[in-house]
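# Structural features, examined
The primary structure of each chain is shown beneath.
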Protein chains: 8
Amino acid sequence: MENMQEITGVLFDFARTGRIGLPEAVFCQGKPLNVLIDLLRRFSSGKPPILFTRLASDVWQGLPQDARASYDHDALSSTAFAARMPKNDKGKVAIVSAGAADAPVSHEAARTLDYLGITNTIFEDCGVAGLWRLARHLEQINDHDAVIVVAGMEGALASVVGGLCPRPIFAVPTSIGYGVSSGGKAALDGMLASCAPGISCLNIDNGYGAACAAARVVNLL
Amino acid sequence: MENMQEITGVLFDFARTGRIGLPEAVFCQGKPLNVLIDLLRRFSSGKPPILFTRLASDVWQGLPQDARASYDHDALSSTAFAARMPKNDKGKVAIVSAGAADAPVSHEAARTLDYLGITNTIFEDCGVAGLWRLARHLEQINDHDAVIVVAGMEGALASVVGGLCPRPIFAVPTSIGYGVSSGGKAALDGMLASCAPGISCLNIDNGYGAACAAARVVNLL
Amino acid sequence: MENMQEITGVLFDFARTGRIGLPEAVFCQGKPLNVLIDLLRRFSSGKPPILFTRLASDVWQGLPQDARASYDHDALSSTAFAARMPKNDKGKVAIVSAGAADAPVSHEAARTLDYLGITNTIFEDCGVAGLWRLARHLEQINDHDAVIVVAGMEGALASVVGGLCPRPIFAVPTSIGYGVSSGGKAALDGMLASCAPGISCLNIDNGYGAACAAARVVNLL
Amino acid sequence: MENMQEITGVLFDFARTGRIGLPEAVFCQGKPLNVLIDLLRRFSSGKPPILFTRLASDVWQGLPQDARASYDHDALSSTAFAARMPKNDKGKVAIVSAGAADAPVSHEAARTLDYLGITNTIFEDCGVAGLWRLARHLEQINDHDAVIVVAGMEGALASVVGGLCPRPIFAVPTSIGYGVSSGGKAALDGMLASCAPGISCLNIDNGYGAACAAARVVNLL
Amino acid sequence: MENMQEITGVLFDFARTGRIGLPEAVFCQGKPLNVLIDLLRRFSSGKPPILFTRLASDVWQGLPQDARASYDHDALSSTAFAARMPKNDKGKVAIVSAGAADAPVSHEAARTLDYLGITNTIFEDCGVAGLWRLARHLEQINDHDAVIVVAGMEGALASVVGGLCPRPIFAVPTSIGYGVSSGGKAALDGMLASCAPGISCLNIDNGYGAACAAARVVNLL
Amino acid sequence: MENMQEITGVLFDFARTGRIGLPEAVFCQGKPLNVLIDLLRRFSSGKPPILFTRLASDVWQGLPQDARASYDHDALSSTAFAARMPKNDKGKVAIVSAGAADAPVSHEAARTLDYLGITNTIFEDCGVAGLWRLARHLEQINDHDAVIVVAGMEGALASVVGGLCPRPIFAVPTSIGYGVSSGGKAALDGMLASCAPGISCLNIDNGYGAACAAARVVNLL
Amino acid sequence: MENMQEITGVLFDFARTGRIGLPEAVFCQGKPLNVLIDLLRRFSSGKPPILFTRLASDVWQGLPQDARASYDHDALSSTAFAARMPKNDKGKVAIVSAGAADAPVSHEAARTLDYLGITNTIFEDCGVAGLWRLARHLEQINDHDAVIVVAGMEGALASVVGGLCPRPIFAVPTSIGYGVSSGGKAALDGMLASCAPGISCLNIDNGYGAACAAARVVNLL
Amino acid sequence: MENMQEITGVLFDFARTGRIGLPEAVFCQGKPLNVLIDLLRRFSSGKPPILFTRLASDVWQGLPQDARASYDHDALSSTAFAARMPKNDKGKVAIVSAGAADAPVSHEAARTLDYLGITNTIFEDCGVAGLWRLARHLEQINDHDAVIVVAGMEGALASVVGGLCPRPIFAVPTSIGYGVSSGGKAALDGMLASCAPGISCLNIDNGYGAACAAARVVNLL
């Protein structure tokens with residue numbers, strides 16, 4: 001148990017990297033401000049490097065300067081880290097998204113991969129209502145080792161990519177939409193029901209999880 | 001009220017054709033056998049022509065010979081009629097379906113159009129996991145005046161057709177599928193949430209309704 | 001691909017008008033302010049004409065004057081455009097709504113048709129609890145080429161119009177209501193389950209989609 | 001407690017008539033055959049009169065002759081009783097139904113009223129897709145003291161009746177339908193969300209409950 | 001049609017009182033402020049008397065003085081009227097509620113009855129976790145002609161009252177609660193599924209509807 | 001791991017009794033016949049005693065005589081065992097049920113307790129529509145150490161017992177009912193939302209689980 | 001009825017302690033401020049001791065000083081009381097929680113037990129993604145008389161504890177999570193469906209209820 | 001298009017193997033018998049090798065001998081093939097299942113991998129209520145390149161494996177269970193909401209899809 005430490009009432013598991021190849025992350029949404037500030041201060045040295053997710057810009061702006069100083073915060077993805085993991089050159093990941101509104105989720109995936117030291121490329125605006133948007137990029141997408149597909153509304157992009165790309169595909173539904181697609185349930189069900197074989201899904205808006213799933217693949221190579 | 005008649009306890013509205021352009025149909029599922037037999041006998045002359053829907057083969061086989069004699073029953077679509085409406089040459093309808101399992105619904109639409117005297121063509125096996133299947137037929141599909149899209153699972157076919165075809169598009173989700181797509185809810189929500197503009201939807205498995213919607217368009221021309 | 005341009009990270013598809021007869025629109029809800037401002041500035045010349053939907057008054061009021069200058073913004077429907085498409089005289093569309101609370105949706109449909117150059121008329125306050133309200137207008141409604149029905153609560157208006165009007169009917173449920181009808185699900189299910197034949201449905205509050213569906217009909221004539 | 005008796009392991013509450021004006025009934029669905037047979041034999045004298053509901057024809061046919069001898073069983077409504085309550089002349093009840101498929105529920109209501117000694121009339125096939133069907137009967141319906149509306153699909157009939165009739169209205173959704181209306185949920189939500197004021201609802205297919213609700217009104221007069 | 005007037009774009013149906021015995025009401029929630037102000041000014045004379053529901057205190061406080069002057073606004077029930085209907089002495093209504101948190105709904109029912117000129121009494125804090133609370137009032141409750149039961153959480157109060165009271169009972173679930181009872185769905189389903197015979201239900205939080213349902217009963221007497 | 005054995009491909013955990021005080025049980029529903037027969041034969045000596053649950057009568061009747069010989073099978077509860085656990089005199093359990101239709105679940109609880117050697121009493125037909133039914137037994141119920149409440153429909157019995165009894169109360173919703181209560185969801189939500197403090201719930205129809213929960217209490221004494 | 005008093009329109013039941021061993025509590029969420037202030041003032045003497053739950057910090061801060069003076073308010077659990085019940089030495093309760101985000105619920109349980117005079121210990125951060133976290137504490141947890149398990153997300157902690165601990169286990173799902181676990185439904189269903197025998201569940205976020213359930217067990221000892 | 005052939009009205013895509021590395025499969029459930037027989041006969045040579053899934057034993061038994069002759073049918077997994085794909089030695093897959101009832105799904109995954117020529121091992125009966133069952137196999141599981149986790153009920157096994165194993169993990173919920181877990185929704189939501197990072201999910205009961213997802217990983221190596 002020597003790899004575990006209790007910090008601000010939160011028990012950290014620094015052995016996790018060795019065990020499952022994925023270091024600890026802090027999910028900030030809903031955490032009390034004082035806990036958040038203590039955690040940021042504690043890991044400001046970047047040793048070990050810790051990823052903070054769901055750390056919204058308005059919360060970030062309100063934190064004291066010294067807690068924020070050493071961190072790189074990204075507003076679009078609501079993520080922050082003081083240091084990255086060592087470069088992981090085993091493979092690279094493509095992130096394909098349907099529209100501009102999915103950017104917070106696709107960028108959460110990208111930033112998590114950045115933090116994990118894994119090369120990644122985002123291909124935005126590939127929604128299926130205009131298939132040539134995807135077709136332009138297909139060869140380049142297939143040149144990656146794993147593919148994350150991010151889409152809201154009806155989530156049909158996952159089925160189309162699944163029929164054109166041989167790589168492991170991790171589909172992330174987003175909560176983008178209104179009426180029946182409000183909250184992401186229609187996209188999730190569409191992705192789970194996909195007629196293309198071997199597509200697997202993450203929870204709604206879970207860009208972090210998709211990056212971890214892709215990292216599990218890259219770590220195999 | 002001279003166009004209405006009460007037959008076997010069911011009140012028929014023979015004026016409907018004049019009012020909304022669509023004649024009366026009999027939804028057979030759940031109707032008691034004796035009511036069904038009386039209705040079939042009553043309209044066996046084909047004057048006026050009446051469409052019977054959801055008349056399953058096993059029910060049909062069990063009916064007395066004289067009730068069935070003058071009817072053309074189609075097992076795949078579970079429909080029957082003794083006579084068709086006069087030929088309607090104003091336009092024609094394309095029916096695009098995702099897979100063989102959607103055939104009962106796509107054929108219910110086709111048979112309803114047959115009965116309404118409207119020319120129609122079925123394009124089967126156009127599921128989006130293999131886009132070239134649809135691409136082969138696209139020019140021919142666009143040569144019709146209205147398009148019915150029939151798909152189960154995640155229903156992504158409607159979005160893809162919607163981005164490639166300028167005609168009025170009526171999407172019919174089917175109850176094909178298991179797990180989250182069991183019963184057709186995932187396909188329905190996917191079609192309602194479609195990112196392609198101007199696609200409208202029917203209830204799950206409602207091939208008859210889609211044909212009526214397309215007929216409303218053809219009757220305008 | 002010469003008809004596509006990448007603007008502010010959003011890829012525009014100017015060839016869509018030719019392909020499906022419906023030009024590109026910008027769904028503003030959830031878009032970051034800076035993206036919105038860039039897009040408004042870029043299309044302020046009205047060439048090509050672009051429709052902005054779900055652009056709420058309070059967002060609009062906060063935008064810089066130069067971004068707003070050349071646009072016609074409508075508060076009730078939350079839409080804006082700098083120029084309209086050329087007049088489309090092929091047909092005209094009736095919009096029938098149940099109550100005053102449905103106005104944002106019925107006016108989104110009307111404004112989209114305005115932008116598409118298609119003549120349209122709104123018939124408000126036709127809820128079925130007072131059938132004479134609809135009866136007054138029926139002859140005039142049937143004089144249009146397509147009918148959009150907008151209703152919340154239980155959505156029964158679609159069934160009643162469907163039994164009295166022969167035109168293509170596009171039903172739009174609204175999120176008006178509380179308890180079981182909160183969010184529009186009761187109206188949507190009621191419209192999908194309608195006992196009147198050939199009514200097709202759009203997603204909840206999707207006035208824009210209904211206008212596009214009606215435009216697909218008008219473009220056929 | 002002298003009005004209570006334990007019969008076949010089921011505790012009967014013969015004082016209920018005095019307390020709430022509605023005598024005990026036996027819901028047969030799911031009851032083991034031997035319990036059912038014991039109960040039928042026990043009350044075969046018709047003293048006190050007991051109503052058996054959800055007693056399907058195929059179950060009934062399989063019961064021993066002596067258990068069935070003194071009962072009047074109705075196949076359509078799946079009800080049976082050996083004797084009725086004394087004639088209740090205080091008022092009368094109208095039962096308005098949308099279509100022939102709703103007959104098992106509307107007749108369960110009618111038979112329950114028969115058993116309670118209350119005069120009732122069924123008005124069938126009044127679905128809103130053909131409003132003149134209802135209009136023909138309106139004056140006669142309004143001549144009753146309470147109105148039960150029975151409808152499946154989207155349940156719009158309740159809203160229309162609610163806008164035209166001043167009596168207490170009890171709406172019963174039926175499980176008739178497929179897709180979104182399968183099981184009766186769309187009709188139930190439509191009736192609860194009705195835009196007509198003062199309509200109250202029963203559980204899906206609960207014709208017995210609607211009759212009891214109407215009886216509570218009649219007992220007041 | 002001489003009894004209808006179009007005011008501020010809202011079509012009023014002043015004949016409704018004659019037709020169904022219930023005058024027109026204005027559901028204020030979601031209505032634009034300018035429409036609301038016009039309507040209040042128009043009916044400030046109290047001729048005809050109009051009921052405004054869901055007119056929350058914070059909205060009311062922000063309205064101009066002259067629009068509010070002649071009205072009696074009640075903060076707890078969010079209702080207002082300038083005049084009441086003539087005294088209706090035919091019957092009286094009991095309103096039984098489970099807890100203090102249900103007061104906005106039980107008082108909406110009470111104020112609607114006040115406006116309709118019908119005598120009513122509220123019995124609060126009768127929740128079933130303490131049955132003696134209800135038992136104290138039972139005799140007095142049964143002395144009324146109709147009973148409205150208002151309850152959130154699991155809604156069990158309706159079943160208990162239903163077994164003890166012979167009057168017409170209108171159950172109103174409230175959106176009080178958290179977890180599974182959040183939004184009122186558990187209370188609604190509990191009331192619809194009630195094992196006590198002849199209880200009918202209104203939509204969640206619909207105190208106005210319950211008062212109208214009770215008024216339909218009182219108008220019969 | 002010496003307490004574990006692999007039998008017919010199912011790994012048994014005979015150490016469980018020591019660890020959590022509850023021996024292993026076999027959930028038979030859905031198990032292939034040959035696996036079931038092997039297991040019955042293997043444990044026919046009653047050493048160790050094993051409980052078989054959801055072993056329906058029709059399945060049981062079809063098993064070979066030698067597999068059934070040493071077992072006591074109970075048709076109502078669908079349970080079987082060849083031997084019981086040693087008598088557990090630490091406490092006793094009351095099982096209160098709403099109606100005769102809940103008997104399969106209340107008896108599954110009773111038989112599980114029998115098998116565990118724990119004294120138990122069933123109090124049937126205590127539904128809240130007739131409160132005196134419960135009142136008769138209250139003193140006797142409170143004389144037990146734990147109380148299991150079994151009810152379908154709206155599940156209100158749990159709230160009422162919860163307000164009158166100080167013991168640990170385990171509520172089991174049953175799938176008895178139709179419409180909104182079909183499948184037991186209304187009863188489950190009603191029990192979870194109960195306004196009586198400290199009632200905890202089991203899954204729908206889980207009489208076995210409730211008995212185990214009560215046994216955990218008895219084992220403490 | 002001498003143990004009941006009506007205070008500020010809320011009827012208190014001071015006999016409850018005698019009847020079910022659990023004194024009255026005030027659920028503050030949604031109560032009007034003036035009612036809350038009156039109640040706090042009335043019970044400021046701590047005789048009888050009353051527990052206030054769901055009394056959020058921002059509401060508490062806004063209350064007048066004299067209403068708050070004699071109370072101990074805890075921000076994390078949103079609870080307050082002026083005095084505790086007499087020390088209850090019969091048993092002690094363990095509270096095991098999955099993560100820091102569950103603290104408001106686990107502390108509501110702890111504070112309720114504090115108020116009831118029952119000794120309790122919180123074991124935080126025992127989520128199943130790191131099983132050694134739980135393993136460290138297992139022996140100590142099993143040394144308590146009842147165990148409350150608090151977890152959001154997928155709620156798997158309850159199953160794991162259920163397989164390792166023989167005590168009565170009360171599982172409380174929390175509304176922590178996003179996507180499918182938003183609102184706590186996934187955790188609730190996971191806990192109800194748990195494969196470990198004899199775990200019973202409370203409503204989502206109901207720490208108060210779990211403490212009452214555990215107190216029912218302790219009161220038995 | 002030379003790699004496509006139309007057989008029995010079903011269009012086969014023999015180029016798929018080249019494009020996404022996964023050959024075509026036939027989902028048999030719901031296909032008409034005559035279509036099934038034609039397909040079996042057509043591919044009886046095993047060139048190309050085709051996998052038939054959801055081909056239940058009772059359907060299989062009823063097929064003509066010549067259609068079945070060259071096939072290897074497995075009753076537990078409901079799969080059949082006449083020939084396998086060439087041996088794929090790039091990697092191997094572990095299949096971890098919770099209980100014996102999940103065998104049809106875990107074996108569908110295993111058989112699909114067999115057909116794809118990929119080595120695989122099933123680890124059964126690893127449910128989390130007995131953690132040592134999993135612990136025994138952990139080292140061996142981690143020696144595989146991808147892990148498929150199959151579980152019903154609450155699906156907690158996926159979270160536990162996710163915290164102990166660094167490989168790509170594909171979670172398959174099964175429809176095993178009753179009450180809230182009936183149909184597999186609780187397991188699916190639990191797996192999607194898992195607190196262990198980087199677990200991705202398939203549709204309920206989709207063992208075939210999980211095998212394809214794992215094959216996408218193996219094909220990368």
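What you see is a predicted model, and the numbers here were worked out from it, not measured in a lab.

## Some words on the overall build of chain A
Within chain A one finds nine helices and 11 strands. Taking 221 residues into account, the globule formula puts the C-alpha radius of gyration at 17 Å, and chain A, at 18 Å, falls close to it. Along the first, second and third principal axes, the C-alpha set of chain A runs to 50 × 40 × 25 Å. Scored against the burial criterion, the 221 residues of chain A give a buried share of 66%. Counted over contacts in chain A with a minimum sequence separation of 6, partners at least 24 positions apart contribute 67%. Summed over all atoms, the accessible surface of chain A reaches about 6900 Å², with 50% contributed by carbon and sulfur. Mean positive and mean negative side-chain charge positions of chain A (18 and 21 charges, respectively) differ by 3 Å.

## Focus on the interface of chain C and chain B
Listed by partner, the interface residues are 34 residues for chain C and 34 residues for chain B. Contact between chain C and chain B buries roughly 2700 Å² in total, counting both sides, with carbon and sulfur atoms accounting for 62%. Its largest share of buried area at the contact with chain B, chain C owes to C:Pro197, C:Arg216 and C:Leu220, together 26% of the area lost on that side. Linking chain C with chain B are zero salt bridges, by the criterion used here. If you look at where chain C meets chain B, you find 12 residue pairs in polar contact (both at pLDDT 80 or more). Every element with two or more residues in the side of chain C that touches chain B is listed here: helix H1 (16-20), helix H8 (157-164), strand E10 (169-173), helix H9 (185-192), strand E11 (199-201) and helix H10 (207-218) of chain C. Take the side of chain C that touches chain B: its biggest share by element is six residues, from H10(C). Classifying every residue of the side of chain C that touches chain B by side-chain character gives 21 nonpolar, seven polar and six charged.

## Re the packing of aromatic side chains
In total, this model carries 28 aromatic pairs over all chains according to the counting rule given. Seen from their ring centres, B:Phe170 and C:Phe170 are 6.3 Å apart, and the 5 degrees between their planes marks the pair as stacked. Residue B:Phe170 is found in strand E10 (residues 169-173), and its partner C:Phe170 is found in strand E10; the two belong to separate chains. Assessed through its relative accessible area of 1%, B:Phe170 is described here as buried. Residues F:Phe27 and H:Tyr178 carry aromatic rings whose centres are separated by 5.7 Å and whose planes lie at 15 degrees to one another, so their mutual orientation is stacked. Here F:Phe27 is found in strand E3 (residues 25-27), whereas its partner H:Tyr178 is found in the loop between strand E10 (169-173) and helix H8 (185-192) on a different chain. Looking at F:Phe27, the relative accessible area reads 29%, which means it is partly exposed. With a relative accessible area of 14%, H:Tyr178 lands in the buried category. Stacked on the ring of G:Tyr178, the Lys or Arg A:Arg54 has its end atom at 4.2 Å from the ring centre.

## Here's the deal with the relation of the copies chain F and chain E
For the pair chain F and chain E, the best superposition has an RMSD of 0.0 Å and corresponds to a rotation of 180 degrees with a translation of 0.0 Å parallel to the axis. Overall, the copies show the geometry of a two-fold rotation axis. If distances are taken from each C-alpha of chain F to the rotation axis, the shortest is found for F:Ala156, at 2.5 Å.

## What to know about the sheet that holds strand E4 (residues 51-53) of chain F
All names here are of chain F. Spatially, the four strands line up as an open sheet ordered E3-E4-E6-E5, and their pairing is mixed. This sheet does not close on itself; its edge strands, each paired only once, are E3 and strand E5 (72-74). Averaged over all neighbouring strand pairs, the angle between strand axes comes to 15 degrees, with direction disregarded. Examined bridge by bridge, E4 and strand E6 (residues 79-81) share two bridges and lie antiparallel to one another. By the bridge assignment, Phe 52 is partnered in E6 with Ala 80. On the sheet, helix H5 (residues 103-115) packs against E4, E5 and E6 and is oriented at approximately 10 degrees with respect to E6.

## Concerning the interface of chain F and chain E
Each partner contributes residues to the interface: chain F has 20 residues there, and chain E has 20 residues. Interface of chain F and chain E: buried area, both sides summed, is about 1700 Å²; carbon and sulfur atoms make up 75% of it. Seen at the junction of chain F and chain E, the total is zero salt bridges. The interface formed by chain F and chain E holds two residue pairs in polar contact (both at pLDDT 80 or more) in total.

## A closer look at the pattern of salt bridges
Residue and element names in this part refer to chain H. As enumerated under the stated definition, the model contains 40 salt bridges over all chains in all. Asp 143 serves as the salt-bridge partner of Lys 92, at 3.6 Å between the closest nitrogen and oxygen. Here Lys 92, found in strand E7 (residues 88-97), pairs with Asp 143, found in the loop between helix H6 (131-142) and strand E9 (146-151); they are 51 residues apart in sequence, far enough to count as distant. The class for Lys 92 is partly exposed, based on a relative accessible area of 30%. Notably, a salt bridge pairs Asp 189 with Lys 185, separated by 3.2 Å at the nearest N-O pair. Of this pair, Asp 189 and Lys 185 are both found in helix H8, four residues apart, which corresponds to roughly one turn of the helix. Exposure remark for Asp 189: the relative accessible area of 12% places this residue in the buried category. On the basis of relative accessibility, which here comes to 32%, the residue Lys 185 falls in the partly exposed class.

## Side note on the sheet that holds strand E6 (residues 79-81) of chain A
Residue and element names in this part refer to chain A. Spatial ordering of the open sheet is given by E3-E4-E6-E5, a layout of four strands whose pairing is mixed. Among the strands making up the open sheet, the edge pair consists of strand E3 (25-27) and strand E5 (72-74). Averaged over all pairs of adjacent strands, the angle between their axes in this sheet comes to 15 degrees, without regard to strand direction. Here E5 pairs with E6 via three bridges, running antiparallel. Bridging across to E6, Asp 72 finds its partner in Phe 81. Relative to the sheet, helix H5 (residues 103-115) contacts strand E4 (51-53), E5 and E6, its axis offset from that of E6 by approximately 10 degrees.

## A word on the pairing of strand E8 (residues 118-123) of chain G
All names here are of chain G. Across six bridges, the pairing between strand E7 (residues 88-97) and E8 is parallel. Within E8, the position partnered with Ile 95 by the bridge is Ile 122. Between E7 and its parallel partner E8, the chain crosses via helix H5 (residues 103-115), and the hand of that crossover is right-handed.

## Here's the deal with the side chain of C:His144
All names here are of chain C. Within the secondary structure, His 144 sits in the loop between helix H7 (138-142) and strand E9 (146-151). The buried category is assigned to His 144, whose relative accessible area is 5%. Within the structure, the side chain of His 144 is placed 3.1 Å from the backbone oxygen of Gln 140, a separation counted as a polar contact. Residue contacts for His 144: discarding those within four places in its chain leaves Lys 92, Val 93, Ala 94, Thr 121, Phe 123 and Arg 167.

## A few points about the confidence of the model for chain A
Per-residue confidence for chain A gives a mean pLDDT of 89; residues scoring 70 or more make up 92%. As scored by the predictor, the complex reaches a pTM of 0.90 and an ipTM of 0.92.

## Thoughts on the packing of helix H6 (residues 131-142) of chain F against helix H7 (residues 157-164) of chain F
Helix packing for two helices is described by the angle between their axes and how far apart those axes are. All names here are of chain F. Following both chains from N to C, one finds H6 and H7 inclined at 45 degrees, their axes separated by 11 Å at the closest point. Comparing their axes, H7 and H6 come out oblique. Crossing of H6 over H7 shows right-handed handedness. Here Leu 131, Leu 134, Leu 138 and Asn 142 of H6 lie close against H7, whose contacting residues are Leu 157, Val 160, Val 161 and Leu 164.

## A short note on the packing of H5(G) against helix H9 (residues 207-220) of chain G
Residues and elements named next belong to chain G. Here H5 crosses H9 at 40 degrees, and the two axes come no closer than 7 Å. By the angle class used here, H5 and H9 are oblique. Between H5 and H9 lies a crossing of right-handed hand. Contact residues: H5 offers Val 105, Glu 108, Ala 109, Thr 112 and Leu 113, while H9 offers Gly 207, Tyr 208 and Ala 211.

## Some details on the environment of C:Asn120
Residues and elements named next belong to chain C. Here Asn 120 lies in strand E8 (residues 118-123). A residue is classified by how much of its surface remains accessible, and Asn 120, at 17% relative accessible area, is buried. A sequence separation of 43 residues divides Asn 120 from Ser 77, and the C-alpha atoms of the two residues are 15 Å apart. With residues up to four places along the chain from it excluded, the contact list for Asn 120 reads Val 93, Ile 95, Ala 110, Leu 113 and Asp 114. Here the side chain of Asn 120 touches Ala 110 through a polar contact of 3.4 Å, landing on its backbone oxygen. A distance of 2.9 Å separates polar atoms of two side chains, one belonging to Asn 120 and the other to Asp 114.

How each quantity is defined
- Residues numbered from 1 in each chain as written.
- Chains lettered and ligands numbered in written order.
- Predicted model: local features only at pLDDT ≥ 70, side-chain atom pairs only at ≥ 80, totals over all residues.
- Heavy atoms only, no water.
- Helix = DSSP H or I, 4+ residues; strand = E, 2+ residues; numbered from the N terminus.
- Rg over C-alpha atoms; globule rule 2.2 N^0.38 Å.
- Buried < 20%, exposed > 50% of the residue type's maximum accessible area, 1.4 Å probe, protein only.
- Contact = heavy atoms within 4.5 Å.
- Areas by Shrake-Rupley, 256 points an atom, 1.4 Å probe, with all protein chains shown as cover.
- Lys, Arg positive; Asp, Glu negative; His and termini not counted.
- Charge placed at Lys NZ, Arg CZ, Asp CG, Glu CD.
- Buried area = accessible area lost by both parts, 1.4 Å probe.
- Salt bridge = Lys/Arg side-chain N within 4 Å of Asp/Glu carboxyl O.
- Polar contact = N/O pair within 3.5 Å; in protein donor to acceptor, adjacent residues only side chain to side chain.
- Nonpolar A, V, L, I, M, F, W, Y, C, P; charged D, E, K, R; others polar.
- Phe/Tyr/Trp six-rings, centres within 6.5 Å; stacked < 30°, edge-to-face > 60°.
- Lys NZ or Arg CZ within 6 Å of the ring centre and 35° of its normal.
- Least-squares fit on C-alpha atoms with pLDDT ≥ 70 in both.
- Pairing = 2+ DSSP bridges.
- Axes fitted to C-alpha atoms, helices over the stretch in contact; angles between N-to-C directions.
- Right-handed = clockwise from strand over helix to strand, strands pointing away.
- pLDDT = per-residue confidence, 0-100.
- Parallel < 35°, antiparallel > 145°, perpendicular 65-115°, else oblique.
- Left-handed = near helix turned anticlockwise from the far one by under 90°.

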